Amino acid sequence: MSLLRNPLTLTLAAALTLAAGGCGGGHDEPAGTAAPAVRAASAPVERLTAAGAIELQGTVAAERTASVSARVMAMVTALHVAAGDAVSRGQLLLEIDPQVARGQLAQARGALGQATAALALAERNLERFEALAATNAASELELDLARMQHDQARSAVEQAEGAVAAASAVAADSRVTAPFAGRVARTLVEVGDLAAPGRPLVSIESATGRRLRLQVPESLMARSRLASGDRLRARIDARPELGDLEAVVVEVAPGADPVSHTFEVELELDGADLASGLAGRAWLPGESRELVAAPRDAVLRRGGMSLVVLVTDDGLAESRAVTLGEELAEGRVEVLSGLAGGETVLVGLAAVPPAGARVEPVAGQGAGS
């Protein structure tokens, strides 16, 4: 019986000893490893009262645009320019088969010759009847008929001279030239196409001078009362490096479009070298509003999220997701949600620090600076 009890007693004693040793060892180990301190500058999150703005979409257009056409119907025989080419005033753009125009000019000149000969005959007849009437050898009726024929012949000459001038101008249209200096926006025909009166052949736009065309709803137009000379803030979506541009209102449509119920407003973008057709935006003055502004350098983007790192009252780092609005002046950005204003955030961080890390302000910067 004693042989059976000894092993059991030893086993229980060993278990108690191990349990006691385990509990004692837990008091000797540290509860956890502290996160490394974060050294960074800090800045406050502010609540601001900003002037309200109403955003409008627009399109960049050249100051001058022309669709060059011809007044003669004939085949295009040569095309001397391509899209993007710079052209000077009077430079040859394309040539049209001149045979039709030359034929019309020849017909006009022939008609002028006939009219001139008829006028010469009418003048001689008038002189004869005037001499006969002086000796009572011709009646008043015959003299009046001679005068009428002379006047008709003279009018026919004037008409023929006009036809020759018109045919000469049309013949000159066989060489289509640029109406002003600029660059070719598009060529609308190829060699072999048929040019017709009124059909655009080449589109030209001025090389300098750009405008932003806006469609302003009638309700906004009534409130804003835009007029020539007003200055608005504008931005080109495809050229963010240009930042905000100062645009001047140069044209305001006197009436609204009956379909869209909008007024067309043109803004001059002074000094901006932009391609026509780009999308742009401009802002009309609106009512003032309250907003929360944070330093742009305080925003970290991770996994499609925007984060800022707050400094708690205990001097610890705490990350928070935020929703951003538009860019503001002086290196700030609007915060739509996530901050209420009055918080302190760290700026210039390369990565989000661990939660609860101790914040050590950079020399010369305080937690509320």
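Residues numbered from 1 in each chain as written. Predicted model: local features only at pLDDT ≥ 70, side-chain atom pairs only at ≥ 80, totals over all residues. Heavy atoms only, no water.

**A word on the packing of aromatic side chains**
Considering all chains together, one arrives at zero aromatic pairs under this definition. Lying across the ring of W283, R233 places its NZ or CZ 4.1 Å from the centre. (Phe/Tyr/Trp six-rings, centres within 6.5 Å; stacked < 30°, edge-to-face > 60°. Lys NZ or Arg CZ within 6 Å of the ring centre and 35° of its normal.)

**Describing helix α2 (residues 99-134)**
The end-to-end C-alpha distance of α2 is 53 Å, a good match for the 52 Å that 36 residues give at a rise of 1.5 Å each. Those residues of α2 lying buried are A101, L105, A108, A115, L119, A122, L126 and A133. (Helix = DSSP H or I, 4+ residues; strand = E, 2+ residues; numbered from the N terminus. Expected span 1.5 Å × (residues − 1). Buried < 20%, exposed > 50% of the residue type's maximum accessible area, 1.4 Å probe, protein only.)

**Details of the sheet that holds strand β12 (residues 210-217)**
Reading around the circumference, β3-β12-β15-β14-β13-β16 is the order of the six strands in this closed barrel, with antiparallel pairing throughout. The sheet shows a mean angle of 40° between the axes of neighbouring strands, taken without regard to direction. (Pairing = 2+ DSSP bridges. Axes fitted to C-alpha atoms, helices over the stretch in contact; angles between N-to-C directions.)

**Things to note about the pattern of salt bridges**
Applying the stated criterion across every chain yields a total of 22 salt bridges. We note a salt bridge from D244 to R235, for which the minimum N-O separation is 2.5 Å. When salt bridges that share partners are traced, they join R233, R235, D244, R289, E326 and E334 into one network. (Salt bridge = Lys/Arg side-chain N within 4 Å of Asp/Glu carboxyl O.)

**Description of the nonpolar core**
The biggest cluster of nonpolar side chains holds 23 residues, and the ones touching the most others in it are L93, I96, L201 and I204. Among the elements of the structure, β4 (65-68), β5 (74-79), β7 (92-96), α3 (140-172) and β11 (202-205) are those that each provide at least two residues to this core. The biggest single contributor to this core is β7, with three residues. Setting aside residues no more than four positions away along its own chain, I204 makes contact with R64, T65, A66, V68, V87, L93, A178, P179, F180, R183 and A185. Grouped together as the second largest cluster of nonpolar side chains are 21 residues, L212, I236, V265 and L284 included. (Core = buried A, V, L, I, M, F, W, Y, C linked by side-chain atoms within 4.5 Å. Contact = heavy atoms within 4.5 Å.)

**Describing a nonpolar patch on the surface**
Together, M73, M75 and L194 make up an exposed nonpolar region whose accessible area comes to about 280 Å². By the element assignment, M75 lies in strand β5. Its relative accessible area of 38% is what places M75 among the partly exposed residues. (Patch = residues over 30% accessible without salt bridge, like charges linked within 9 Å, V, L, I, M, F, W, Y side chains within 5 Å. Areas by Shrake-Rupley, 256 points an atom, 1.4 Å probe, with all protein chains shown as cover.)

In short, geometric facts, not functional conclusions.
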